[in-house]
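Chain residues, written in single-letter form:
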Amino acid sequence: MKLKKVLALSMAAVLTLSMAACGSGSGESAAVNTNEEVTEEAPAETTEETGEDAAAEDTASAGELSYTNIVLGESYKDITTTIKWLTHRTDLIDSGMIDSYIAKFNETYPDITVEVEGVTNYADDALLRLTAGNWGDIIMIPAVDKNLLSEYFVPYGSLDDVSEVVRFADQWMYDNTVYGIASTGNAQGIVYNKAVFEQAGITAIPKTPEEFIAALQAVKDNTDAIPLYTNYAAGWTMGAWDAYINGSATGSSKYMNQELIHTQDPFQNYGDDTHAYAVYKILYDATANGLIEDDYTTTDWEGCKGMINNGEIGCMVLGSWAYSQMVDAGEHGDDIGYMSFPITVGGKQYASAGPDYNYGINVNASDDNKAAAMVFVKWMTEESGFAYNEGGVPISMDGEYPALYSAFDGIEFIADEPAVAGEEDILNELNAESELNINSGGDSKIQAIIEHAANGDMTFDEIMAQWNEAWTSAQETVGVEVTN
């Protein structure tokens with residue numbers, strides 16, 4: 001309950017953190033249990049909140065399509081159509097879980113047929129499909145400039161309205177209009193094998209970079225496991241390190257979207273094991289000290305799930321979305337744990353939190369398909385149990401938190417505040433000019449940290465100096481005032 005209160009307060013300020021994930025899914029038994037819980041609660045809440053529902057019915061009857069106006073089980077029951085959903089969750093398609101969700105949805109909306117296409121190389125291919133216009137009715141929104149959202153997507157409603165019922169509503173918001181609804185939410189930490197850590201003699205969760213490197217060394221010295229598996233070859237798993245430089249490394253909800261753009265040399269050494277420098281240095285030091293896999297170029301994303309489940313891997317730096325996948329990957333799910341990222345700011349630990357991929361609806365779809373797609377998105381958000389099953393922060397304000405978050409007791413969750421008015425595009429512009437692509441698919445720069453550390457051809461400080469130079473040049477080109 002305490003965690004719920006903390007999250008509610010932190011996330012009320014909303015965020016723009018990109019923590020989108022890719023990979024496999026949760027077990028069917030968990031899905032069944034959760035669906036039952038959510039289904040029991042959600043209908044009662046949607047039908048008994050008289051003020052909101054009365055307004056929703058009035059507006060829905062007037063034909064205005066918006067997320068808050070839809071009353072599941074009542075709105076748009078007369079539509080007969082087929083919609084197509086483009087998703088990154090190929091694992092859930094293979095496991096049959098997606099079909100299970102759709103079958104449950106069709107118990108309420110039997111005349112809306114949902115067809116699904118999975119894309120493996122999602123981040124790149126989905127962006128190409130989006131711009132080409134051949135993606136169907138629902139897409140998990142790829143990295144697109146926010147000033148283009150209205151050209152691609154149907155608005156769900158105003159930020160004020162949508163954020164009343166949905167967390168992370170500002171992730172894909174522009175001009176106070178919401179264009180994306182998150183599929184689930186993530187906290188940023190580290191998935192690890194508890195049995196491996198115990199065998200290594202680690203008795204306390206590391207809270208600082210020094211303690212974490214020492215723990216990795218203990219795993220190497222006392223077990224046969226790979227201490228830190230990088231998933232270098234997957235690429236997107238490298239860019240995901242950017243998601244730890246804001247709240248987790250600074251304790252500030254304003255860092256990513258308000259402070260970073262105005263900061264001079266943001267990759268400098270602050271001298272207290274915080275900020276971006278400390279985050280990326282963990283990866284450099286782990287590599288330089290031989291605490292990662294022997295050949296990082298051959299890492300196997302799908303294979304790593306069974307490896308950590310079986311105790312062949314000590315830990316991986318992945319969002320909380322990965323937890324359920326590692327649990328379900330073998331017979332040793334009870335050995336999987338999730339811990340906070342090892343940075344302490346002023347004596348306190350924080351964890352960045354934010355949304356996974358968001359559902360976007362095609363603005364060029366027919367009116368029936370727009371409505372059917374929004375009904376499906378709302379059902380997935382409020383009644384499917386998807387976020388819970390994936391070990392995620394619930395998107396519906398009434399959703400339930402999975403048990404794994406109990407490990408974050410005492411750690412404050414930090415959700416990014418949006419950019420201030422008039423500065424919404426600056427981070428995108430700095431990313432493009434600097435080519436660092438912070439929190440926006442900057443995979444190659446993180447991969448380069450591993451390469452330089454392994455080859456010994458650049459020190460970590462030389463890499464960070466190079467990044468600072470690129471950032472400063474971009475600030476000058478874009479005309480950003482440096483105030484920090």
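Residue indices follow the written sequence of each chain, beginning from 1 at its first position. Given that this is a predicted model, residues contribute local features only at a pLDDT of at least 70 and side-chain atom pairs are listed and counted only at 80 or more, while totals for whole chains, interfaces and linings are drawn from all residues. Water and hydrogen atoms play no part in the side-chain values, which are based on all heavy atoms of the structure.

Buriedness of a pocket was judged along seven lines, with at least five required to meet protein on both sides within 12 Å; pockets are open sets of points on a 1 Å grid over the protein atoms alone, cavities are sets where a 1.4 Å probe fits but cannot get out, and lining residues have an atom within 4 Å of a point. Grid points are joined across faces, edges and corners, and a volume is the space filled by probe spheres set on the points. The full count for this structure, using the stated rule, is three cavities of 30 Å³ or more. Estimated volume of the second largest cavity: approximately 50 Å³. Every residue along the wall of the second largest cavity is listed here: L228, Y229, T230, N231, T237, M238, W241, L283, M316, V317 and L318.

This next bit is on the packing of aromatic side chains. Aromatic pairs are defined between Phe, Tyr and Trp rings, using the six-membered ring for Trp, whenever the two ring centres lie within 6.5 Å; interplanar angles under 30 degrees are classed as stacked, those over 60 as edge-to-face, and all others as tilted. Evaluation of the coordinates by the stated rule reveals 24 aromatic pairs. When the ring of F105 is compared with that of F376, the centres are 5.0 Å apart and the planes differ by 80°; the resulting orientation is edge-to-face. You can see F105 sitting in helix α5 (residues 97-108) and its partner F376 sitting in helix α17 (residues 367-382), a full 271 residues away along the chain. Given a relative accessible area of 0%, F105 falls into the buried group. For F376, a relative accessible area of 0% corresponds to the buried category. Three or more aromatic residues joined by ring pairs make a cluster, and in this case those are W85, F105, Y109, Y359, F376 and W379. Here the basic side chain of K348 rests over the ring of Y350, its NZ or CZ set 5.6 Å away from the ring centre. Only when the NZ of Lys or the CZ of Arg is both within 6 Å of the ring centre and within 35 degrees of the ring normal is a charge said to sit over the ring. In this arrangement the basic side chain of K378 is found over the ring face of Y67, its NZ or CZ atom lying 4.8 Å from the centre. Strands are runs of DSSP state E lasting at least 2 residues, helices are runs of H or I lasting at least 4, and numbering of each runs from the N terminus. Relative accessible area decides the class of each residue, using a 1.4 Å probe on protein chains only: under 20% of the type maximum gives buried, over 50% gives exposed, and in between gives partly exposed.

This part covers the environment of G441. With respect to the secondary-structure elements, G441 resides in the loop between α19 (426-434) and α20 (443-455). Taking the relative accessible area as the measure of exposure, G441 reaches 56% and is therefore exposed. C-alpha separation for the pair G441 and M238, spaced 203 residues apart in sequence, amounts to 8.8 Å.

What is meant by a nonpolar core is a set of buried Ala, Val, Leu, Ile, Met, Phe, Trp, Tyr and Cys residues, joined one to another through side-chain atoms within 4.5 Å. In this structure, W85, F153, Y156, I181, M316, M326 and F376 are the most contacted members of the largest nonpolar core, which totals 83 residues. With nine residues, α17 is the single largest residue contributor to this core. Two residues form a contact once any of their heavy atoms are found within 4.5 Å. In contact with M326, other than residues within four places in its own chain, are V191, W301, C304, K305, I308, N309, M316, L318 and I336. Grouped together as the second largest cluster of nonpolar side chains are 63 residues, L228, M256, I449 and I450 included.

Further remarks concern α19. Because each turn of an α-helix spans 3.6 residues, side chains separated by three or four positions in sequence point in the same direction. Residues of α19 that are buried include every one of I426, L427, L430, N431 and S434, and no others. Considered in projection along α19, the buried side chains sweep an arc of 135° and stay on one side of the axis. Buried residues in α19 make contact with α13 (255-259) and α21 (460-478). Residue E435 follows α19 closely and has a positive phi angle near 65°. It is the directions from the helix axis to the C-beta atoms that the arc portrays.

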